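Tertiary structure, described
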Amino acid sequence: MNWLTNWSPSWQWFHRLGSPRWFYQTTGRWLPWLSLLALALLSTGLVWGLGFAPQDAKQGNSFRIIYLHVPASFLALAGYYIMAIAGAIGLIWKMKLSYMVMKSAAPIGAALTFLALFTGAIWGKPTWGTYWVWDARVTSMLILLFLYLGVLALQYAFHSNEAGNRASAILALVGTVNIPIIYKSVDWWYTLHQPATIKLTSAPSMHSDMFQPLLVMILGFYCFYTVALFLFTRAEILRRERKSTWVKELVIGAQH
Amino acid sequence: MHPLRKQRLQFVILIVVAATVVVGLVVYMLGQNANYFYTPSQIAAGEAPQGVHIRAGGMVVEGSVQRSPDSLDVQFAVTDGASLLVIQHSGILPDLFDEGEAAIAAGMIDENLVLQATEVLAKHDEKYTPPEVADAMNEAYQRKQEYKQTQKSGAQ
C-alpha cells in the first residue's frame, strides 16, 4: 500500500473536513436549498406518480405504491454503505464527525427499511395474496432492518462513546455483505418477489410514462435522505460537542 | 499515510473480507435450499421431498384452469417450459391469478403427483405497462397471428 503512504501531503483537506464545527456551518448554509429541492422533487413526483401516471394493465392502481416502495428501498441500501463507510473512516482516522454521521445514518436507514417492508406488505396482499413471505428478498431485507437496529443499539450499550462507536462500526462493516445479497437475491434464488425493474445495464421494463415520476421520486428521496442525515448529524454534533466554546457561544447567541 | 492508520485500514479490510468469505460460504452451502419454491421440472425429477409441505411455482398453462361450478375447488397446471405439474386447491385465488401468469402454490404432493395446495399465491413479473399499451400490444400480436394465418392459407 505504498500509494497511500506516498500520498500523505494531500491528507490535510481530509482532516479539515472532519471538523464538526466546519460541517455544522457548511451544512447550515446548504440545508435551506436542499430542503427546498427535496420538497419540490417529492411533491412533483408524488402528484405525478399518484395522480397522473397511467395505471398498470394487470395491477390497476395498486402498483402506485412503487413510488414509495422503490425509492425507500434504494436509499435503505445506499444509506447502509454511507453508514459503513463513515464507520470505517472513524475506525481508521479516529474522526469524531465520521462516527456522528454513522450514528445518524442508523435510525434513518432503519426507518426507510421499515417503510420498504411495510409498503411491500400492503402491496403484497392484493397482488400476491399474502402480506408476508419468507423468500430470499424479503428475509434479507428484514436482516437489513435488524442490522440498522443493531448498530443503533450498540451506540447505547457502552458507557464510553469510544467503545460504542467502535462496536457499531465493526457491526456496520460486517453487515455490508448483506447489501449485494439483497440486491442479487431475486436472481440467485427462486423468490416470490419479482426481479429488478430498473437495471443499470438495460432499459427499465416499465413504460416511460410510469418510469419518469419514479425517477423524480428516487432523486427526491436522495435529497430528502441528505437533508435528514444533515439534521441528525447536526443534532449529534451539538450533543457531543456541548462542552466546546463554539457550541456554547452558538447556544448563548440563539437565546438573545 | 501514518503507519498506525495504515494498520487500522488493514484491520477494516480484514473485517470486510472475513465477513464476505464467511457469509459467502454460508450462502454457497445454502444454495438451492434457499429457493422459495420448486419448479415442475425439479418435482418431475424427484428433487422435491414427498409427504412434506412444499411450494411449487410456474406459469399457469393457458386453458388449464377448471373451476367447480358448485364449490371453491379449482384445478390448474403450471409449467416451466419443460415439465407440467397439476395443482388442486379449494379456496379463493388472488386477484392477479390468471392463465399465462406465474403462480406459486403451497401444499403436499399426493401419490398421483398432483400438488394438493393449501395456499395459492400470484407471482407478479417486473414489467409495468399502462392498459392502453397492453391492449395495443395484444392487438398487434393478434393481427400478426391473423396475417400469418392468411399467409399460410394463401400458400396452400
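Throughout this description, residue numbers start from 1 for each chain and increase along the sequence as written. For this description, chains carry letters from A and ligands carry numbers from 1, given in the order in which they are written. Side-chain atom pairs in this predicted model are given and counted only at pLDDT of 80 or more, local residue features only at pLDDT of at least 70, and totals for whole chains, interfaces and linings cover all residues.

Along its length, chain B carries 3 helices and 6 strands. Each helix (α) and strand (β) of chain B, taken in turn from the N terminus, gives the series α-α-β-β-β-β-β-β-α. For 156 residues, the compact-globule estimate of 2.2 N^0.38 gives 15 Å, and chain B exceeds it by more than 25% at 24 Å. Taken along its principal axes, the extent of the C-alpha atoms in chain B is 80 × 45 × 30 Å. Runs of E in the DSSP output that reach at least two residues are strands. Runs of H or I that reach at least four are helices, and both are numbered from the N terminus. As a reference, a globule follows 2.2 Å times the number of residues to the power 0.38, and the radius of gyration itself is taken over C-alpha atoms.

What follows is about the overall build of chain A. A count of helices and strands for chain A gives 10 helices and 0 strands. Its helices and strands taken in sequence order, chain A reads α-α-α-α-α-α-α-α-α-α from the N to the C terminus. Taken over the C-alpha atoms alone, chain A extends approximately 60 × 40 × 40 Å along its principal axes. Comment: burial labels come from other C-beta atoms within 10 Å of the residue's own C-beta, placed from the backbone, where a count of 20 or more is buried, 12 or fewer is exposed, and between is partly exposed. When each of the 256 residues of chain A is scored for burial, the buried share is 39%. Working definition of a contact: two residues with C-beta atoms, positioned from the backbone, lying within 7 Å. In chain A, the proportion of contacts linking residues at least 24 apart, taken out of those at least 6 apart, comes to 76%.

A word on the packing of helix H6 (residues 136-155) of chain A against helix H8 (residues 178-188) of chain A. Residue and element names in this part refer to chain A. Where H6 meets H8, the axes come as close as 8 Å, and the angle between the chain directions of the two elements is 160°. Taken together, H6 and H8 sit at an angle that is classed as roughly antiparallel. When you trace H6 past H8, the crossing you get is left-handed. Residue-level contacts link Ala136, Arg137, Ser140, Met141, Ile143, Leu144 and Leu147 of H6 to Asn178, Ile181, Ile182, Ser185 and Val186 of H8. Orientation is described by lines fitted to C-alpha atoms, with helices fitted over the stretch in contact, and by angles between N-to-C directions that extend from 0 to 180 degrees. Working rule for angles: under 35 degrees goes down as roughly parallel, over 145 as roughly antiparallel, 65 to 115 as roughly perpendicular, anything else as oblique. In this scheme the crossing of two helices becomes right-handed for a clockwise turn of the near helix relative to the far one and left-handed for an anticlockwise turn of less than a right angle.

For the rest of this paragraph, the subject is the interface of chain B and chain A. Tallying the contact residues gives 35 residues for chain B and 43 residues for chain A. Of all the elements in the fold, those that place two or more residues in the side of chain B that touches chain A are helix H1 (3-30), strand E6 (114-123) and helix H3 (131-155) of chain B. The element that contributes the greatest number of residues to the side of chain B that touches chain A is H1(B), accounting for 11 residues. Each residue belonging to the side of chain B that touches chain A can be placed in one class, and the counts come to 22 nonpolar, 5 polar and 8 charged. Gly is put with the polar residues, along with every residue not named as nonpolar or charged; the nonpolar set is Ala, Val, Leu, Ile, Met, Phe, Trp, Tyr, Cys and Pro, and the charged set is Asp, Glu, Lys and Arg.

Turning our eyes to something else, we now look at the pairing of strand E3 (residues 73-79) of chain B. Residues and elements named next belong to chain B. Of the strand pairs in this sheet, strand E1 (residues 54-60) and E3 are connected by 2 bridges, and their pairing is antiparallel. The partner of Met59 across the bridge, within E3, is Thr79. Criterion used throughout: strands pair if DSSP finds at least two bridges between them. Pairing geometry for strand E2 (residues 66-67) and E3, over 2 bridges, is antiparallel. By the bridge assignment, Gln66 is partnered in E3 with Gln75. Hairpin remark: E2 followed by E3, antiparallel, with 5 residues in the connecting loop. As judged from the 7 bridges shared by E3 and strand E4 (residues 84-90), these two strands associate in the antiparallel manner. Pairing of Asp73 across the sheet is with Ser90, part of E4.

The next point concerns unusual backbone geometry. Phi is positive for Lys94(A), which is not a glycine, with a value near 55°. Of note, Lys94(A) is situated in the loop between helix H4 (66-93) and helix H5 (96-127). The backbone of Leu113(B) sits at a positive phi, close to 60°, despite the residue not being glycine. Structurally, Leu113(B) can be placed in the loop between strand E5 (102-109) and E6. Taking the number of C-beta atoms within 10 Å as the measure of exposure, Leu113(B) has 13 and is therefore partly exposed.

Bringing the pairing of E4(B) into the picture now. Side chains on a regular strand alternate between the two faces of the sheet. Only one face of E4(B) is covered, namely the one carrying Leu85(B), Ile87(B) and His89(B); the face carrying Leu84(B), Val86(B), Gln88(B) and Ser90(B) has none of its residues buried. Connecting E3(B) to the antiparallel partner E4(B) that follows it, the hairpin turn spans 4 residues, and Gly81(B) within it adopts a positive phi of roughly 100°.

A few words now on the domain arrangement of chain B. Think of interface size as the accessible area that goes away when the parts come together; that is how it is often given. For every domain, the bounds stem from an assignment made automatically or drawn from a database. In terms of domain boundaries, chain B breaks down into domain 1 (3-33) and domain 2 (36-123). Each of domain 1 of chain B and domain 2 of chain B has a C-alpha centre, and the two are 40 Å apart.

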